[in-house]
Amino acid sequence: MTAPRVVSLAPSATATVTALGAADALVGVTHHCDPPADAGSAHGRESPLAVGGWLNPDLDRVADLDPDVVLTSDGLQTDLADACRERGFDVRHREPATLGEAVEAFAARGADVGRPEAGERLAAEARGRLDRVAEAVADRPRPTVYCEEWSDPPMAAGNWVPDAVRAAGGGYPFVDPGERSREVALASVEAADPDHLVVHVCGHGDRVDPASVAERDWTVDAPVHVIDDSLLNQPSPALIDGVERLAELFHPEAFPGSTS
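Computed from a predicted model, the values in this text were never measured in an experiment.

1. Examining the packing of helix α4 (residues 99-112) against helix α5 (residues 116-137)
The N-to-C vectors of α4 and α5 enclose an angle of 160°; their axes lie 5 Å apart at closest approach. Looking at the two axes, α4 sits roughly antiparallel to α5. Handedness of the crossing formed by α4 with α5: right-handed. Across the interface between the two elements, L99, V103, E104, F106, A107, G110 and A111 from α4 touch P116, G119, E120, L122, A123, A126, R127 and L130 from α5. Here the residues of the contact of α4 with α5 sort into 10 nonpolar, 2 polar and 3 charged.

2. Regarding the layout of surface pockets
Put simply, the largest pocket is a space of about 630 Å³. Lining the largest pocket we find 27 residues, and of these W54, C202, D229, N233 and Q234 sit closest to its centre. By residue class, the composition of the lining of the largest pocket is 9 nonpolar, 12 polar and 6 charged. Computed from the structure, the second largest pocket encloses a volume of approximately 220 Å³. The wall of the second largest pocket is formed by 13 residues, among which P11, A15, D34, S230 and Q234 lie closest to the centre.

3. Focus: the pairing of strand β2 (residues 26-29)
Where strand β1 (residues 6-8) meets β2, 2 bridges bridge the pair, whose relative direction is parallel. By the bridge assignment for β2, V7 is matched with G28. Read from β1 through helix α1 (residues 11-19) to β2, the crossover connection turns out right-handed. Note that β2 and strand β3 (residues 49-50) share 2 bridges and pair parallel. Its bridge partner lying in β3, V29 is registered against A50.

4. A short note on the state of the cysteines
Tallied over the full model, the rule gives 0 disulfides. With no disulfide of its own, C33 lies 13 Å from the sulfur of C84, the closest cysteine sulfur. Looking at C202, it has no disulfide partner, and the nearest cysteine sulfur is the one in C33, 13 Å off.

5. With respect to the pairing of strand β4 (residues 69-73)
Among the 5 residues in β4, 5 count as buried, and that is most of the element. Covered by surrounding structure in β4 are V69, L71 and S73 together with V70 and T72, the residues of both alternating faces. Pairing geometry for β1 and β4, over 3 bridges, is parallel. Bridging across to β4, V6 finds its partner in V69. Sheet topology places β4 next to strand β5 (residues 91-94); 4 bridges connect them, and they run parallel. The residue of β5 that forms the bridge with L71 is R92. In the classification by handedness, the crossover that spans β4, the intervening helix α3 (residues 78-86) and the parallel β5 is right-handed.

The rules behind each value
- Residues numbered from 1 in each chain as written.
- Predicted model: local features only at pLDDT ≥ 70, side-chain atom pairs only at ≥ 80, totals over all residues.
- Heavy atoms only, no water.
- Axes fitted to C-alpha atoms, helices over the stretch in contact; angles between N-to-C directions.
- Helix = DSSP H or I, 4+ residues; strand = E, 2+ residues; numbered from the N terminus.
- Parallel < 35°, antiparallel > 145°, perpendicular 65-115°, else oblique.
- Left-handed = near helix turned anticlockwise from the far one by under 90°.
- Contact = heavy atoms within 4.5 Å.
- Nonpolar A, V, L, I, M, F, W, Y, C, P; charged D, E, K, R; others polar.
- 1 Å grid on protein atoms, 1.4 Å probe; cavity = no way out; pocket = protein on both sides within 12 Å on 5 of 7 lines; lining within 4 Å.
- Points joined across faces, edges and corners; volume = space filled by probe spheres on them.
- Pairing = 2+ DSSP bridges.
- Right-handed = clockwise from strand over helix to strand, strands pointing away.
- Disulfide = S-S within 2.5 Å.
- Buried < 20%, exposed > 50% of the residue type's maximum accessible area, 1.4 Å probe, protein only.

Purely spatial values, then, with no claim about function.
What follows is the structure, given as structure tokens:
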């Protein structure tokens, strides 16, 4: 069976396709994607063509790639998905808002790129890992956690992050699961009296100085954990890594082999 010609316009979709073992089908990605070395090899490419940013790709370049399927993700790409459909592309738009929906989307992505069995396996593996974390943190005290997705202005992380914190054995009073990230008043963070501050600024990886948060003019006395934003900001398999990382930070005694 010939691999489909896949253009991924979302970093999370590229990461998921890679986890499915289907990166060889990628003929196009965005500048924000990080495909592996063998990406595109099924179609004789040394690497997929970069077609632009994830919000403003060059759709003429996409058309030149003659894709069988175009992958989009997130509500911010809804208009882009519509523009792709108007071009006649077969668009598979996945917009998970919660941790559970993100895991379900792993299976859906498998079907999107002609690897349904791989998708089901990836989703099952993710559920198994989450179950193991749940077992490890069960019946332990739940610390209050503040997660910051952006720092100017400070924004409390939403979407699947509230679920991720709770899956890791923490409490998250700032945003409900499935709601978008939102600006938060420092006074409301103080009032919640968090036990942990998790900083995962979008687009910054783990290159944030924790002192920039710890030394704010506020009465919050909690450790600051800077983690790579890819572990929490994308609904890709890295999100499961993020849950495991959070669990190790919140409950190190439950994970004696961890390096937290």
